[in-house]
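Commentary on secondary and tertiary structure
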Amino acid sequence: MAITALPPDTDADIARVTEALAMITPRWNVRIMLALSGPPLRYSEIAAKVSWLQSGQLHPKLRALCDAGLVQRTEHTSRHVTYGHTDRATALLPVLPLIVTWAETHLEKTDRPLPAIEQIEDSLTLLTRRHAAAILWVLKSRGEASGRTLARVAMPGSDWTNVYPPLRQLVADGLVDTDGLGQPYRLSDAGGGLAPVFGALSAWSAGQPLSQAVRHPVWGRPDAAPAPTTWVSNQSLLPAPAARPAPVRVGHTSPPTWQHRDLFSHATPARPKTALPAGGPRR
């Protein structure tokens, strides 16, 4: 079933990316996948790596990741069961550094260093808002569009006024810009900066190498070299996630400081507070 009024190939592309985001965004999913980035583990070994999860929370998460085709459960004997990545999950891991790089560049800098895993979780929260991917896709392909046009293309079959709540959210999140009431909408720098992320997710969800991301018909940059995808994590114990304040707006951007070595406890230098412009990506 079509989710947009775009050509069938493009509509299927958006649907696959939306489904991919829905697989990994639920709380703790990325952390569990990272805990499994080495050899297959027994349930007790995984639980030790994500020890902040309460009793009974890990099993349904593992079952959901198995159902999504990202985790494989292997029953060696009735008392010996291990969990490990599928090939699809292994292919997905290099997308995570691209998300971190985007977050380091475009999300508001907090007053405490954020581990890269929190950068990923904050970014995924923005990208999985309802209709976000379709609206961003249309704006990327068209440059700018009115609210009525966006409703017709990104939300066919819905009353055209229903486009404004997700549009207002995207403006508040800093991914879409407009000059005011009645004016067309366009991608912000942060929205356009999602090209490597959406291109990679599109390639992965279509079963293609991530190197194909730069040739994506909407988000690709044929003149750019493929983004590096090498990433290894050797950390054996994931730290419990720290409590975070409510989402805040974007500040001025700064060069990425994230390194590939560690998605779990990477600490960047303390970030000074900056003046907050109207709109901007929110955490």
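Residues numbered from 1 in each chain as written. Predicted model: local features only at pLDDT ≥ 70, side-chain atom pairs only at ≥ 80, totals over all residues. Heavy atoms only, no water.

Some thoughts on the pairing of strand E2 (residues 71-77)
Test applied: Strand pairing requires that DSSP identify at least two bridges connecting the strands. Each helix is a run of DSSP H or I of at least 4 residues and each strand a run of E of at least 2, with the numbering of both proceeding from the N terminus.
The pairing of E2 with strand E3 (residues 80-85) spans six bridges and is antiparallel. In the strand pairing of E3, Arg-73 is matched with Tyr-83. Hairpin remark: E2 followed by E3, antiparallel, with two residues in the connecting loop.

Side note on the side chain of Lys-109
So the rule is basically this: Exposure classes here rest on a 1.4 Å probe applied to the protein chains alone. A residue is buried below 20% of its type maximum, exposed above 50%, and partly exposed in between. Neither His nor the chain termini are counted; the positive set is Lys and Arg, and the negative set is Asp and Glu. Only one rule defines a salt bridge in this text: a Lys or Arg side-chain nitrogen within 4 Å of an Asp or Glu carboxyl oxygen. Under the rule applied, a polar contact is a pair of N or O atoms within 3.5 Å (in protein, one hydrogen donor and one hydrogen acceptor; residues adjacent in sequence only if both atoms are side-chain atoms).
Assignment of secondary structure puts Lys-109 in the loop between helix H6 (95-106) and helix H7 (116-127). Salt bridges are absent for the buried Lys-109, whose nearest opposite-charge side chain, Glu-104, sits at 5.4 Å. Of note is the side chain of Lys-109, whose polar atom sits 2.5 Å from the backbone oxygen of Glu-104. Within the structure, the side chain of Lys-109 is placed 3.0 Å from the backbone oxygen of Leu-107, a separation counted as a polar contact.

Focus on the sheet that holds E3
With respect to topology, three strands assemble into an open sheet ordered E1-E3-E2, the strand pairing being antiparallel. Edge positions in the sheet fall to strand E1 (41-42) and E2, since each of these pairs with one other strand and no more.

Some details on the environment of Pro-39
Mapped onto the elements, Pro-39 comes out in the loop between helix H2 (29-35) and E1. Distance in space between the C-alpha atoms of Pro-39 and Thr-82 is 9.5 Å, their sequence separation being 43 residues.

A look at the packing of helix H1 (residues 8-24) against helix H8 (residues 132-142)
Rules: Interaxial angles span 0 to 180 degrees and are taken between N-to-C directions of axes, which are lines fitted to C-alpha atoms, for helices over the stretch in contact. Any angle from 65 to 115 degrees is called roughly perpendicular, while one under 35 is roughly parallel, one over 145 is roughly antiparallel, and all others are oblique. In this scheme the handedness of a crossing depends on how the near helix is turned from the far one: anticlockwise by less than a right angle means left-handed, clockwise means right-handed. Any pair of residues with heavy atoms lying within 4.5 Å of one another is described as a contacting pair. Each residue receives one of three labels: charged for Asp, Glu, Lys and Arg, nonpolar for Ala, Val, Leu, Ile, Met, Phe, Trp, Tyr, Cys and Pro, and polar for the others, Gly being one of them.
Two numbers describe how H1 lies on H8: the axes approach to 10 Å, and their chain directions differ by 140°. When the axis of H1 is compared with that of H8, the two are oblique. Seen along the crossing, H1 lies across H8 with a hand that is right-handed. Contacts between H1 and H8 pair Thr-10, Asp-13, Ile-14, Val-17 and Thr-18 from the former with Ala-133, Ala-134 and Trp-137 from the latter. Its residues placed into classes, the contact of H1 with H8 shows five nonpolar, two polar and one charged.

Points about the packing of aromatic side chains
Where we set the bar: For Phe, Tyr and Trp, rings pair up if their centres lie within 6.5 Å, where Trp contributes its six-membered ring, and each pair is then called stacked (planes under 30 degrees apart), edge-to-face (over 60) or tilted (otherwise). Put simply, a charge is over a ring when the Lys NZ or the Arg CZ is close to the ring centre, within 6 Å, and near the line of the ring normal, within 35 degrees.
Applying the stated criterion across every chain, the model contains five aromatic pairs. Taken together, a centroid distance of 5.6 Å and an interplanar angle of 80° make the contact between Trp-137 and Trp-219 edge-to-face. One end of the pair, Trp-137, is in helix H8; the other, Trp-219, is in the segment after helix H12 (195-205), and 82 residues separate them in sequence. Judged by relative accessible area, which is 2%, Trp-219 ranks as buried. When the centroid spacing of 4.9 Å and the interplanar angle of 45° are considered together, the rings of Phe-198 and Trp-219 count as tilted. In this pair, Phe-198 sits in helix H12 while Trp-219 sits in the segment after H12, placing the two residues 21 residues apart along the sequence. The rings of Trp-137, Phe-198 and Trp-219 are connected pair by pair, giving a single aromatic cluster. Arg-88 extends its terminal NZ or CZ atom over the ring of Trp-204, reaching a point 4.1 Å from the ring centre. For Arg-148, the ring lying beneath its charged end belongs to Trp-160, and the centroid distance is 3.9 Å.

Considering the pattern of salt bridges
Overall, the coordinates contain six salt bridges when judged by the stated rule. The partner of Glu-118 in a salt bridge is Arg-112, and the shortest N-O contact between them spans 3.0 Å. By relative accessible area, Arg-112 is classed as partly exposed at 24%.

In short, shape yes, function no, at least from these values alone.
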